[in-house]
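For reference, the chains in residue letters:
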Amino acid sequence: MSGAVLRLVLKLSGEALSGEGALGIDPPSLHRVVREILDAQANGVEIALVLGGGNLLRGAALAAGGFVQRVTADHMGMLATIMNALAVRDAIVAAGGRATVLSAIPIAGVADGYAPRRAKELLAAGEVVLCAGGTGNPFFTTDSAACLRAVEIEADLVLKATKVDGVYDADPRTNSNARRFDKLRYDDVIARDLEVMDLTAICLCRDHNVPIVVFDMAVAGAVRRIAGGEPLGTIIEAGA
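Residues numbered from 1 in each chain as written. Predicted model: local features only at pLDDT ≥ 70, side-chain atom pairs only at ≥ 80, totals over all residues. Heavy atoms only, no water.

### With respect to the overall build of the chain
Keep this limit in mind: Elements are defined by DSSP. Helices are runs of H or I of four residues or more, strands are runs of E of two residues or more, and each kind is numbered from the N terminus. Our radius of gyration looks at C-alpha atoms and nothing else; its globule reference is 2.2 Å times the residue count to the power 0.38. Residue exposure (1.4 Å probe, protein chains only): buried if accessible area is under 20% of the type maximum, exposed if over 50%, otherwise partly exposed. Here, two residues are considered to be in contact whenever any of their heavy atoms come within 4.5 Å of each other. Shrake-Rupley sampling with a 1.4 Å probe provides the accessible areas, and residues are treated as covered by the protein chains on show and by no other component.
The helix and strand inventory of the chain stands at eight helices and 11 strands. Relative to the globule expectation of 18 Å for 240 residues, the C-alpha radius of gyration of the chain, 17 Å, shows essentially globular dimensions. Within the chain, the fraction of its 240 residues that count as buried is 48%. Put simply, 71% of the contacts in the chain that link residues at least 6 apart link residues at least 24 apart. Counting every atom, the chain has about 11,000 Å² of accessible surface; 52% of that belongs to carbon and sulfur.

### Looking at the pattern of salt bridges
To be explicit about the condition: By salt bridge we mean one thing: a side-chain nitrogen of Lys or Arg within 4 Å of a carboxyl oxygen of Asp or Glu.
Tallied over the entire structure, the rule returns 16 salt bridges. Of the charged contacts, one joins Arg89 and Asp90 as a salt bridge, the two residues approaching to 3.1 Å between their closest N and O atoms. Salt bridges here are not isolated pairs; linked through shared partners, they connect Lys11, Asp143 and Lys160.

### Focus on the packing of helix H1 (residues 27–41) against helix H3 (residues 70–94)
This is how the line gets drawn: Each axis is a line fitted through C-alpha atoms, taken for helices only over the stretch in contact, and angles between the N-to-C directions span 0 to 180 degrees. Take the far helix as your reference; a near helix turned counterclockwise from it by less than a right angle gives a left-handed crossing, and one turned clockwise gives a right-handed crossing. In this classification, the charged set is Asp, Glu, Lys and Arg, the nonpolar set is Ala, Val, Leu, Ile, Met, Phe, Trp, Tyr, Cys and Pro, and all remaining amino acids, among them Gly, are polar.
Direction vectors running N to C along H1 and H3 enclose 65°, while the axes themselves pass 10 Å from each other. When you trace H1 past H3, the crossing you get is right-handed. In this structure, H1 contributes Leu30, Val34 and Leu38 to the contact, and H3 contributes Ala87, Val88, Ala91 and Ile92. Residues belonging to the contact of H1 with H3 are distributed by class as follows: seven nonpolar, no polar and no charged.

### With respect to the sheet that holds strand E10 (residues 212–216)
Selection criterion: A pair of strands counts as paired when DSSP detects no fewer than two bridges linking them.
Taking strand neighbours across the sheet as the criterion, the nine strands line up as E4-E3-E5-E2-E1-E6-E10-E11-E9 in an open arrangement whose pairing is mixed. With one partner strand each, in any of the chains shown, strand E4 (112–113) and strand E9 (183–185) form the two edges of the open sheet. Its contacts with the sheet put H1 on strand E1 (7–12), strand E2 (46–51) and strand E5 (128–132), and the angle it makes with E2 is roughly 155°.

### Observations concerning the packing of aromatic side chains
Centre distance and the angle of the planes are the two values used to describe a pair of aromatic rings. Applicable threshold: The criterion for an aromatic pair is that two Phe, Tyr or Trp rings (for Trp, the six-membered ring) have centres within 6.5 Å, with stacked assigned to planes under 30 degrees apart, edge-to-face to planes over 60 apart and tilted to the rest. Our definition puts a charge over a ring when NZ of Lys or CZ of Arg is within 6 Å of the ring centre and also within 35 degrees of the ring normal.
All chains considered together, the criterion is met by zero aromatic pairs. Between the NZ or CZ atom of Arg149 and the centre of the ring of Tyr114, over which it lies, the distance is 3.9 Å.

Here it is as structure tokens:
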């Protein structure tokens, strides 16, 4: 990755909105996310946001209980991402910004249907675009949805927000000897089974040459700083 980023997809887990709580939406966490987004946008960055729904419902865990089919559970998880997107949209508007929810599962009167051309038009007009509903299909993660949307809207970069400052060869929260990578190639992530994103997500970005930066969302101004070229987190790209 070289130079400033003009358009990016920010992937946030649902837990980014729940704060220290296991479930729900924590208002201070919601407001902090919105500040980070609007800070970057004020510096000329077009931002599309893809949110997970794990703070409200984990489809895979529900299906594992044996009473709900996996397809149904995944659809429920997609609906949870729409709920999160609606909350972020209203928080952005309340903070003086502009935002629209485009969903792979359109809901009349709630969220318009997603289309790449519409998303690009809104981004160019200065809106934050919240891409909700995952891919609209079961068995695909929101990481895959983020990378798919990045390819479709011709984003310069995918930002994967986490609770650690990059990609490690082991969990740094439990292993003090874990080694952090500054740069990785797509194929290295796959070969080392680093579990940064699922295989579909990594391959989408590799095949379309969209860099990924894995970073700590708790770092103040991180989205703006990475978009401006500052080396925060771990970058995953073809020539690392």
